[in-house]
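Structural characterization, general
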Amino acid sequence: MVPPNSNECGGGTDGASGPSPSRVDSASSSDVDDGGVIIGPDLNPTRSTLDRKVYRQIILKNNGLRAVLISDTVAMGQKEEHGTFGGDDSGYDSESSSVIEDTEGQHDENAEGNMDLEIEEEEEEEDAVFDLDEDSNYDDDNGHGGAEGIRHAAAALAVGVGSYHDPGSVQGIAHFLEHMLFMGTEKYPTENAYDSFLSRVGGSNNAYTEMEHTLYHFEVPQEKLWESLDMFAQFFVSPLLLKEAAGRELNAIESEFQLSKNADDCRLQQVQCHTGKRKEDHPFGNFSWGNMKSLKEDPESNGVDVMAELRKFYEQGDELYRNAFSLLYLFEFNVGLFSSNNLALLCPEYATGIIGAYTIEELQEHVVRCFSDVPPLPREPSSLNVIRKNAGTWDECVHSPLEDFGAPFPSKSLGSIYRIVPVKDRHSLNITWQIPPQRANWRAKPCDYIAHLLGHEAGGSLLSALKKESWVTACYAGVGTGGYENSSSHALFTLSFTLSEEGVTKWADICSYVYKYIGMIRFHCNSADGLPTWIYEELRAIQNVAYKYKDEKMPDALVEDVVENMMSGLPPTRVLDGNSLLFESDEGAIKDLLDNYMTPMNSRIDLISSMFGRESDEDSALSCPFGAYESIESLSIEGQSLQKEPMFEARYWSHPISKEVLKEWSLCASPQLPPTSSHLSLPPKNPYVPTKFETKQLPEDDGRHPLLHCALQVHAHLGNKQSWNPAKATKYNKTQNSILLLYPDGTEKWHILDNQHDSTHSEGSFDNESIKFKVVAKPDQDNCDFIVDADNDFPQIPPPSLQSHLPKLVSNDKSVKLWHMQDRKFERPIAELRLRFICAEANKTPFVRACTDLFVLLCCDAATETAYLADICELASSIVSTNVGFSLRLSGFDHKLLTLASYFLELLFSFRDEDTEKMPSSIKPGRFEACLEVLLRGYANSGLRASSFATDIRLMSIMPTHWSASSKAASLKDVTLPAFKSVVRGLLESVSIEALFAGNVTAVDAKDAEGLIVKTLNPIRLDDPISIHEPKKLVLKVPNKVVGNIITIPTRDPNESNTAIEVYLQFGWDDLEARVMIDLLVHILYEPLFDQLRTKEQIGYDVSVGARWTHGVLGMSFKVTTSSCSAEEVTGRLDRFLVEFRPDLLNMENEVFREHVIGLAKNKLHMYNSLEEECGTLWGEIIESRYDWEAHRDEAVYLKSVTKDEVTAAYDKWLFPTEVSGEMRERQRLVVHVIGSGEGPSSSGHPELDSEVIDAEVENQIRAFHEAAGSNAWQAEALSE
């Protein structure tokens, strides 16, 4: 596998033209604008083909701030369209809804999470070796409303200062400053003003600290953009940076650190930093996270005033960095660290259906207004050696001393092996080569090319050969996108393998294979013909079509990407496409990397394995299996001493590798073809490269037409009266040349077009010129003017979709149920095929479910080579185990999708063979044992995080067939192949399939898919309908109690210091009213809860409330993860919060309440950005057998009439914990406490149990809960209805 979106691009000028068909102006092609800006090179020629947005780059002349402005012309057209319907009285409603998603960076602020309902079946550990149950964590609100939905505006701003700029005396201060900017400004001094405002209106925000920059972003409804932007800009103009807020945020940073302290990947990264060059010699050695020790205890013991250093870091930075580094100075110290020359800003206008969007000129006007006060260069000059040319122009070039630091690892850490003790049960091998910075190589991306070869997974690849040896199960290759791996000073190319237990002992042999493969590439580089040209051309062609037809992104994700591109050093002409395309081949750069840098002596090896012990073990229990590969001198000098990284406290051994082994590897890497016995070769030509990209014709009676989705004014004679009336074109019959118009009162009427109408005409007539019309807005209108409606009017709700535009059953018998929907929104040659295999015997026992998991893992393993080839060609696939059987998903270019589907169906049903003594021929020898080992390791790692363990316990409590990982693991003890095959054959002998085929596929294609499915199922024919055949999903009623229903368990990881609390309140069976009320309560509660418990009281870093939709049963969960309070304290504080908040709800101003209602409605009316998003919503309806394709439209309609009194009544009924008398009242409440083992108050009440009996104790307490609940199950009641 190669890293996604490898970021190997950087500064330089744009030379020879790349694959873009349009000319791209050079960076110097810019104009001075009268509005105080310098307009930059035109980005519009580099847009993807289907991108209709308009782009402009500007530099603010007074401070040099650089901005990219994006005008969403589709949203602008929709604003015009809805405006013609005369406001809220139009009667038009919308399609769907959206989730506010958290984004994760290295240091993420808590953003407002999912506001809407979740359908839950299975919540496996986040890094489990098998995929998540697709039925498990389905978001009831992760769809969006199609072509007529709403799109938010968004902005992102990156500051050219990050963790590499931390002074040695205050490590982590960049991350600390990121937190502090949210704590009030001079203009908006209230601490949570920004977060509260965004939450109230339905927006979201986040930030993260990288190594060389810090990025802040927000998303907000269109009409709130200017107010949000002004609040946002003040972060960089006049933050308060108050001492009283600093103490609380230090606790938050400590909590954030504690949450990540047991993450093995973070521990590995910090071991590399700790064993790299000293932080005085290279910023790679910094402790970038920051914690209480680095930001308070150490500075105070050294007499450092942290608040003074924080203010200095924000405003100037010169002296700070002189003190930090004795040899070299970092970055652009002749400017203030948060001055505008270190800023990159993107302020796009993104999507709306009613309130509007903005022209480029409007965006520019407000960016100038909001950001002109960001301080320019400091008044006093700096003596630091920073070279600037053409400052404040589009030709500016800067050389920073950061570039001169060079590689991060000292010579003593190269040619060495580091054996690291993990937290989890895992085995991995990382080979890391330090290479020169790669940002200047953005045109050819030589590291991407090498990663493509080393990380390939098809026949002849390293992975394929090493799997044959049963040493390796997965691999990854390339330069990561983060600042540790890809910076101005260096790049780190990593080849990572997931190992079997045998593979751990064969690490040196695996390295030999790696260098043999490198030797083969070098052989081709040195040959007369060079590297095969078809490899580059194939990669280039795939990237071109992927970019051409790429999906729209969520607005905040898009602005993040563009700003990241701006900060990566791409030339201004290539901000949009520079990281996505191959512009040229540079075999010389590839050869240089392989010959001079990817050598044994320039690498370090990190071997992580639980065979050495686990982090929970005492030092005396750890063992390091030294062998013949280490230097004898290192063993005698260093002994076998165990070392400890001081911050994450990861334990490790380090030793130089023997000169003999390094010499052997060097010989392997010499230019030569590998021996035949190695099974190594260059990749085969890819059979899944698509060649057909046409958009398929819609049905004749429901086709495409330029007038579709346009807003019209229609002039008709009604008796003696003449009037112009609004209407919307919704359907076109090509055979009859007629248009179906929808009028505001809901009336639909067909009209015959008098002439062929094209997109250039704005007027025409119907019905033999008896009716005239004019187009007042088009869905893709580029430059429509409009007035932004800044009041709180409820958003327009487009009409219900035509039935012909929703999923339609093309097959509905007892074995196959196939839904088909041809795309009308995205006009891309892509499709989605999702199949749900419903097995009558599925999930009956832990053993059956475990066998299903193993079956899925075996199929994924067998499909690796084929699936990888397809995936390279943007044709993705996944198989997942579910609680009704398993599912298959294929998505991407439609050209060869059914070919891939045929392969997977044949593979899955090859297990139907009658011989239970052996595997089908599709499963290679040794893979059963290898996959079983991987599966058991995944089960062992489940629930190690306190928060995920708490959620798993909640689900096991209310769902008796939600089997624990430990029970599944126990059921597989001594499992035999015949027993496994017998279970799988039983599953496949009574299987039915429900499927969705959507996208660029016609009804004929759907029939082809049906034929393929039916052919696979034969001779299986079921006697009962699918609904009867499907395993039942039982959800217990939580007993109604004043107190009780509390499950208290210690963390599974004895070193976990965090305590997790989950309070689940169960409300009842799903209905529209309750669903909307729960969503609205979550929307209202989320920010006040977070502000009070997390920000003000510092009870925990993770504080959230979310709605739950568990197989049709509605509820709500309050979740807190803490390292500072006991579980009992947090549970009591949650109840007190609910009591204290009720007056706030009662006294909430109507305007504020209305903002919450409107904000939620807009989230529910979000536009789909991609076919994947739309299918995600539709598939959720299918797996829950609800089939309400436009549920979110109905919810938005219901929201229009919701009153504060109704919400208060729902609050009192479901959440308020006391009676009028003040006594606690009965609620259907389940409380889960997973208590950590730290030394602080969070460990209060920690059950003293040995780790070996924790799972048994969980089962005992859950069994007691089941006995208390009895046979009261919601599923039984639903069936009776």
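Just so you know, these numbers come straight off a predicted model, no measurement behind them. (Residues numbered from 1 in each chain as written. Predicted model: local features only at pLDDT ≥ 70, side-chain atom pairs only at ≥ 80, totals over all residues. Heavy atoms only, no water.)

Remarks on the nonpolar core
Heads up, the rule is: Working definition of a nonpolar core: buried Ala, Val, Leu, Ile, Met, Phe, Trp, Tyr and Cys residues. They are joined through side-chain atoms within 4.5 Å. Accessibility here uses a 1.4 Å probe with only protein chains present; expressed as a share of the type maximum, an area under 20% marks a residue as buried, one over 50% as exposed, and anything in between as partly exposed. Each helix is a run of DSSP H or I of at least 4 residues and each strand a run of E of at least 2, with the numbering of both proceeding from the N terminus.
Ranked by internal contacts, the top residues of the largest apolar core, which has 70 residues, are Phe 837, Phe 855, Leu 858, Leu 908, Phe 911, Phe 980 and Phe 997. Ranked by the residues each element gives to this core, the list is headed by helix H20 (residues 846-862), at 9 residues. Counting 62 residues, the second-largest nonpolar core is a separate cluster that includes Ala 477, Leu 593, Leu 607 and Val 661.

Some details on a negative patch on the surface
Definition in use: Like-charged residues within 9 Å of one another, or nonpolar side chains (Val, Leu, Ile, Met, Phe, Trp, Tyr) within 5 Å, are grouped into patches, provided each residue has over 30% relative accessible area and no salt bridge. Computed by Shrake-Rupley with a 1.4 Å probe, the accessible areas treat only the displayed protein chains as cover when residues are assessed. A pairing counts as a salt bridge when a side-chain nitrogen of Lys or Arg comes within 4 Å of a carboxyl oxygen of Asp or Glu. None of His or the chain ends enter the tally, which takes Lys and Arg as positive and Asp and Glu as negative. Where a charge lies is defined by one atom per residue type, namely NZ (Lys), CZ (Arg), CG (Asp) and CD (Glu).
Together, Asp 1071, Glu 1073, Asp 1205 and Glu 1206 make up a region of like negative charge exposed at the surface. When you line up the elements, Glu 1206 lands in helix H34 (residues 1204-1214).

Observations concerning the side chain of Arg 248
The condition that has to hold: Pairs of N or O atoms are called polar contacts if they sit within 3.5 Å, as long as, within protein, a hydrogen donor faces a hydrogen acceptor (for residues adjacent in sequence, only side-chain-to-side-chain pairs). Note on contacts: a residue pair is in contact if any heavy atoms of the two residues lie within 4.5 Å.
Relative to the helices and strands, Arg 248 is located in helix H5 (residues 243-260). Among the polar contacts listed, one links the side chain of Arg 248 to the backbone oxygen of Glu 244, at a separation of 3.3 Å. Beyond its immediate sequence surroundings of up to four residues, Arg 248 is in contact with Glu 191, Thr 1095, Lys 1096 and Gln 1098.

What to know about the pattern of salt bridges
Across all of its chains, the model carries 62 salt bridges by this definition. Here Asp 51 makes a salt bridge to Lys 53, at a shortest N to O gap of 2.9 Å. Among the residues examined, Asp 51 registers a relative accessible area of 10% and is labelled buried. The exposure class assigned to Lys 53 is buried, which follows from its relative accessible area of 4%. The partner of Lys 1164 in a salt bridge is Asp 1079, with the nearest N and O atoms 2.6 Å apart. Of this pair, Lys 1164 sits in helix H31 (residues 1150-1164) while Asp 1079 sits in helix H29 (residues 1072-1096); the two residues are 85 residues apart in sequence, bridging distant segments of the chain. Grouping residues by exposure puts Lys 1164 and Asp 1079 together as buried.

Brief notes about the sheet that holds strand E30 (residues 885-893)
For clarity, the threshold we go by: Two strands make a pair as long as DSSP finds a minimum of two bridges between them. The convention used is that axes are lines fitted to C-alpha atoms, helices contributing only their stretch in contact, and that angles between N-to-C directions extend from 0 to 180 degrees.
Spatially, E26-E27-E31-E28-E30-E29 is the arrangement adopted by the 6 strands of the open sheet, whose pairing is mixed. Either end of the sheet is taken by a strand with one partner, and the two such strands are strand E26 (808-812) and strand E29 (875-882). Averaged over all neighbouring strand pairs, the angle between strand axes comes to 15 degrees, with direction disregarded. Here E26 pairs with strand E27 (residues 816-822) via 4 bridges, running antiparallel. Within E27, the residue paired with Leu 809 across the bridge is Trp 819. Packing against the sheet, helix H22 (residues 897-908) makes contact with strand E28 (830-839), E29, E30 and strand E31 (991-999), and its axis sits at approximately 160 degrees to E30.

A few points about helix H7 (residues 292-301)
Because an α-helix packs 3.6 residues into every turn, residues spaced three or four apart end up facing the same way. The set of residues buried in H7 consists of Met 292, Ser 294, Leu 295 and Pro 299. On its buried face, H7 is in contact with helix H2 (173-180), H5 and helix H8 (306-315). Of the residues flanking the start of H7, the one acting as N-cap is Asn 291, its side-chain oxygen 3.1 Å from the backbone nitrogen of Lys 293. Gly 303 occupies a position one or two residues after H7 and carries a positive phi of about 75 degrees.

Thoughts on the packing of aromatic side chains
The following threshold applies: Between rings of Phe, Tyr and Trp, where Trp is taken as its six-membered ring, a pair exists when centres lie within 6.5 Å; planes separated by under 30 degrees are stacked, by over 60 edge-to-face, and by other angles tilted. Geometrically, a lysine NZ or arginine CZ counts as sitting over a ring once it is within 6 Å of the ring centre and also within 35 degrees of the ring normal.
Summed over all chains, the structure comprises 44 aromatic pairs. Relative to Tyr 652, the ring of Tyr 418 has its centre 6.3 Å away and its plane inclined at 45 degrees; by these criteria the two rings are tilted. Of this pair, Tyr 418 sits in strand E13 (residues 416-420) while Tyr 652 is found in strand E19 (residues 651-656), placing the two residues 234 residues apart along the sequence. For the pair formed by Tyr 418 and Tyr 652, the shared burial category is buried. Counting every residue linked through ring pairs, the aromatic cluster contains Phe 182, Tyr 194, Tyr 216, Phe 218, Phe 232, Phe 235 and Phe 236. Sitting over the face of the ring of Trp 724, Lys 774 holds its NZ or CZ atom 4.7 Å from the ring centroid. Lying over the aromatic face of Phe 1216, Arg 1142 brings its terminal NZ or CZ to 5.5 Å of the ring centre.

Observations regarding helix H24 (residues 946-958)
For clarity, the threshold we go by: Here, expected helix span is obtained from the residue count minus one, scaled by 1.5 Å.
Look at H24: 19 Å from first C-alpha to last across 13 residues, which is about the 18 Å you get at 1.5 Å a residue. With 12 of its 13 residues buried, H24 lies for the most part within the structure. Among all positions in H24, only Ala 946, Ser 948, Phe 949, Ala 950, Thr 951, Asp 952, Ile 953, Arg 954, Leu 955, Met 956, Ser 957 and Ile 958 are buried.

What to know about unusual backbone geometry
In this model, His 679 sits at a positive phi of 60 degrees, which is unusual for a non-glycine residue. Even without being glycine, Tyr 1187 reaches a positive phi, approximately 55 degrees. Mapped onto the fold, Tyr 1187 is located in the loop between helix H32 (1171-1183) and helix H33 (1191-1199). A relative accessible area of 23% places Tyr 1187 in the partly exposed class.

Thoughts on the packing of H2 against H8
Filter applied, for reference: When describing relative orientation, an angle under 35 degrees is termed roughly parallel and one over 145 degrees roughly antiparallel, while 65 to 115 degrees is termed roughly perpendicular and anything else oblique. Each residue is assigned to one of three groups, with Ala, Val, Leu, Ile, Met, Phe, Trp, Tyr, Cys and Pro labelled nonpolar, Asp, Glu, Lys and Arg labelled charged, and all others, Gly among them, labelled polar.
Packing of H2 against H8 leaves a shortest axis separation of 10 Å and a crossing angle of 85 degrees. Taken together, the axes of H2 and H8 are roughly perpendicular relative to one another. Contacts between H2 and H8 involve Ile 173, Ala 174, Phe 176, Leu 177 and Met 180 from the first element and Val 306, Glu 309, Leu 310, Phe 313 and Tyr 314 from the second. Each residue belonging to the contact of H2 with H8 can be placed in one class, and the counts come to 9 nonpolar, no polar and 1 charged.

Notes on the environment of Ala 1107
When you line up the elements, Ala 1107 lands in strand E35 (residues 1102-1110). Measuring from C-alpha to C-alpha, the distance between Ala 1107 and Arg 1075 comes to 8.8 Å, with 32 residues separating the pair along the chain.

Examining a nonpolar patch on the surface
On the surface, Val 1042, Val 1043 and Met 1224 cluster together to form a nonpolar patch covering roughly 250 Å² of accessible area. Accessibility expressed as a relative area gives 34% for Val 1042, which makes it partly exposed.

Structural notes on the sheet that holds strand E15 (residues 472-479)
Taken together, the 7 strands give an open sheet; going across it, the order is E15-E16-E14-E17-E13-E19-E18, and neighbouring strands pair in mixed fashion. Among the strands making up the open sheet, the edge pair consists of E15 and strand E18 (643-644). The pairing of E13 with E19 spans 5 bridges and is classified as antiparallel. Residue Ile 420 lies in a different strand from E19, and its bridge partner there is Tyr 652. Along the sheet face, helix H6 (residues 264-274) touches E13, strand E14 (427-435), strand E17 (603-609), E18 and E19 and points at about 140 degrees away from the line of E17. Contacts between helix H23 (residues 927-941) and the sheet are confined to E14, E15 and strand E16 (491-499), with E15 contributing the most and set at about 70 degrees to the helix.

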